[in-house]
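Commentary on secondary and tertiary structure
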Amino acid sequence: MTEGRRGAGPVPAPLLVLGGIVSVQFGGALAATLLPLVGVPGSVALRLALAALVVLAWTRPSVRRRSRADWTAVASYAAALGAMNWCFYGSLQRLPIGVAVTIEFVGPLVLSAVLSRHLRDVAAVALAACGVVLVSGAVNTPLHQLDGVGILLALSAGACWAAYILTSRRTGQHFAGLDGLAIAMALAAVVVLPFGAFEAGTRLVGGEALLKGAGIAVLSSVLPYSLEMIALRRIAPHVFGILLSLEPAVAALAGLIVLGQHLSAVKLLGMVLVVSASVLILGVREGAEAAAPPPQDL
């Protein structure tokens, strides 16, 4: 299939990618309103469990006659998925969503640099590092006032995102369609659910929590995964990656609209630097295989 054919279709592929980005970030903003109700374990449990139910019903994956390599791949994928969600939701309790997403985005950015041999990538990582310093508030905030735990959680979520990229690629080699995703979600949900139930108790099945959890599951998992799957059949991975760099800006917009979070000019500049670094590091790799983009976690 040619590049031109990939872009053909009733809805342009870039619009599908942008739709997935918007969906993920508004799902993340909605998650910030769920956190006070059921906490981090409860929020992660609701999102994974409800999304798993939808994807399992949709794909009905077969688990019979699977090899040890298949289960190792999908278990690693589930671990990365669960840890990524847990760390990111933890960072949302302490940081504005735009700041959390910008810091988290450094994970796949650094992974892309590590997998590349271009010297230009080193400059992109340095640019991203400057952006993270600005967006974290380290420049104009006293050290004792910085939320180091929130920043550490966002960085950990970024590391898990990088692991998610690698494990999702491997799982895709062992399972057809969305079977691996459905099984990984179910495994992660089974592990997280007891923690969510222990912390949130009966609040986990309250009407408001279930309603918000269902919205987050659809916005942050089911819908974007579907849109990205269709889009990636029409556009090259490096184009997808460049579009993905819009996530920090969309996250800030979602934080403003849903949560009323405002970012200073310095933090907005930091976000611009991270986005620019992403465009630089991914744009230079046109014609080569790019790091596989993740479907959004949040």
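In what follows, the structure referred to is the one given above.
A few points on the structure. (Residues numbered from 1 in each chain as written. Predicted model: local features only at pLDDT ≥ 70, side-chain atom pairs only at ≥ 80, totals over all residues. Heavy atoms only, no water.)

On to the packing of helix α3 (residues 68-92) against helix α4 (residues 97-104), then. Between α3 and α4, the shortest axis-to-axis distance is 9 Å and the interhelical angle comes to 140 degrees. It follows from the interaxial angle that α3 and α4 lie oblique. Pair α3 / α4 crosses with right-handed handedness. From α3, M84, F88, S91 and L92 reach across to α4, where they touch I97, A100, V101 and E104. For the contact of α3 with α4, the per-class residue count stands at six nonpolar, one polar and one charged. (Axes fitted to C-alpha atoms, helices over the stretch in contact; angles between N-to-C directions. Helix = DSSP H or I, 4+ residues; strand = E, 2+ residues; numbered from the N terminus. Parallel < 35°, antiparallel > 145°, perpendicular 65-115°, else oblique. Left-handed = near helix turned anticlockwise from the far one by under 90°. Contact = heavy atoms within 4.5 Å. Nonpolar A, V, L, I, M, F, W, Y, C, P; charged D, E, K, R; others polar.)

What follows deals with the nonpolar core. Counting 66 residues, the largest nonpolar core has Y89, L92, I103, Y164 and M185 as its most contacted members. In this structure, L92 is in contact with G28, A31, A32, L35, I97 and A100, ignoring residues within four places of it in sequence. Judged by nonpolar contacts, the second largest core, of seven residues, contains A13, L16, V17 and A231. (Core = buried A, V, L, I, M, F, W, Y, C linked by side-chain atoms within 4.5 Å. Buried < 20%, exposed > 50% of the residue type's maximum accessible area, 1.4 Å probe, protein only.)

Bringing the packing of aromatic side chains into the picture now. As enumerated under the stated definition, the model contains three aromatic pairs in all. Between Y77 and Y164, the ring centres sit 5.0 Å apart and the planes meet at 50 degrees, which makes this aromatic pair tilted. You can see Y77 sitting in helix α3 and its partner Y164 sitting in helix α7 (residues 148-174), a full 87 residues away along the chain. Given the relative accessible area of 5%, Y77 is considered buried. Between F88 and Y89, the ring centres sit 6.2 Å apart and the planes meet at 50 degrees, which makes this aromatic pair tilted. In terms of burial, F88 and Y89 fall into one category: buried. (Phe/Tyr/Trp six-rings, centres within 6.5 Å; stacked < 30°, edge-to-face > 60°.)

Shape descriptors only; they carry no functional weight alone.
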